[in-house]
Amino acid sequence: MADPLRPSGPQIPGSLMGEIQSEVAVEATPLLSFVLRNSRIIVTCIVLLVLVIAGVGGWQWHQTRVEREAHLELGRILVSTQGPERIAALETFLPAAPSAMKSGVQLEIATTALGLEQYGKAADAYAAVAAADPKGSIGMMAAINQADLLQRQGKYAEALAVFDSLEKSAPESLRPAILEGQAMSAELAGKLDRALAAYESIATSLGDAANNGYFQAKIAELKARMAS
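Basis of the calculations
- Residues numbered from 1 in each chain as written.
- Predicted model: local features only at pLDDT ≥ 70, side-chain atom pairs only at ≥ 80, totals over all residues.
- Heavy atoms only, no water.
- Helix = DSSP H or I, 4+ residues; strand = E, 2+ residues; numbered from the N terminus.
- Buried < 20%, exposed > 50% of the residue type's maximum accessible area, 1.4 Å probe, protein only.
- Contact = heavy atoms within 4.5 Å.
- Expected span 1.5 Å × (residues − 1).
- Arc of directions from axis to C-beta.

J.: I keep staring at unusual backbone geometry and nothing clicks. Help me out?
T.: Phi is mostly negative for residues that are not glycine, and the peptide bonds are mostly trans. In this structure, Glu117 is a non-glycine residue whose phi angle is positive, near 60 degrees. Mapped onto the elements of the fold, Glu117 is located in the loop between α4 (99-115) and α5 (119-132). Looking at Glu117, the relative accessible area reads 57%, which means it is exposed.

Here it is as structure tokens:
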């Protein structure tokens, strides 16, 4: 007769149960021992991780505050100063300005200097903007402005070098302005062969356009000068 107190269904022999318990104990013991032995290191790592997370959050908050204060300071300069005083204030502010603001500050310096006919200072400011963004539209336009100001100062070879640096990377929309800048700078620098090549490129691109007559005349003029 079956024992009513004995569970029904398949039974696990006592010896097998002992083996399972023994294996579980053997598997768990090394992990527990490792945790106990290295508890200080584990706690230290957790604390360091928390500190790193807190530090990153604090740094981001600090950066946001710095940028906000920088924008306020720039606004104060633009509202309360003008002329040479503004340039001096902007140049003092520039080294501490956040990197994202530096090109904007340089453009303000360039604009103010241009109004004062300080072409050298304006050209330097445009050069800084161009160097910070050599392949971007703002950087390329700044470089064209820089070259134009170099021409105004009679630095034709330097202007030509700037236009040459733009030739390969500039988009098609800027190519006419760059070619014309090359042509004018080269002609004024006495490099007539370079000027002729640039004018010929412009004339070819214009085709039958009404304003092509001017460039055809320049081509004829340069050829005559080179032949004499």
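J.: Can you walk me through the environment of Leu107 in this structure?
T.: In this fold, Leu107 is placed in helix α4. Note: C-alpha distance between Leu107 and Ala127 (20 residues apart in sequence) is 10.0 Å. Excluding anything up to four places from it in sequence, Leu107 contacts Tyr126, Val129 and Ile138.

J.: Any chance you could explain helix α9 (residues 192-206) here in plain terms?
T.: The end-to-end C-alpha separation of α9 is 21 Å, in line with the 21 Å expected for 15 residues at 1.5 Å each. Those residues of α9 lying buried are Leu192, Ala195, Leu196, Ala198, Tyr199, Ile202 and Ala203. Axial view of α9: buried residues confined to an arc of 165 degrees, hence all on one face. Facing away from the buried side of α9 by over 90 degrees, the exposed positions are Asp193, Thr204 and Ser205. Buried-residue contacts for α9 involve α8 (175-188) and α10 (212-227).

J.: Just to check I follow, could you spell out the environment of Ala125 for this structure?
T.: Locating Ala125 in the fold gives a position in helix α5. You can call Ala125 buried: its relative accessible area is 3%. Each C-alpha atom, one on Ala125 and one on Ala142, is 8.7 Å from the other, the two residues being 17 residues apart in sequence. Those residues in contact with Ala125, other than ones at most four positions away along the chain, are Gln106, Ile109 and Ala110.

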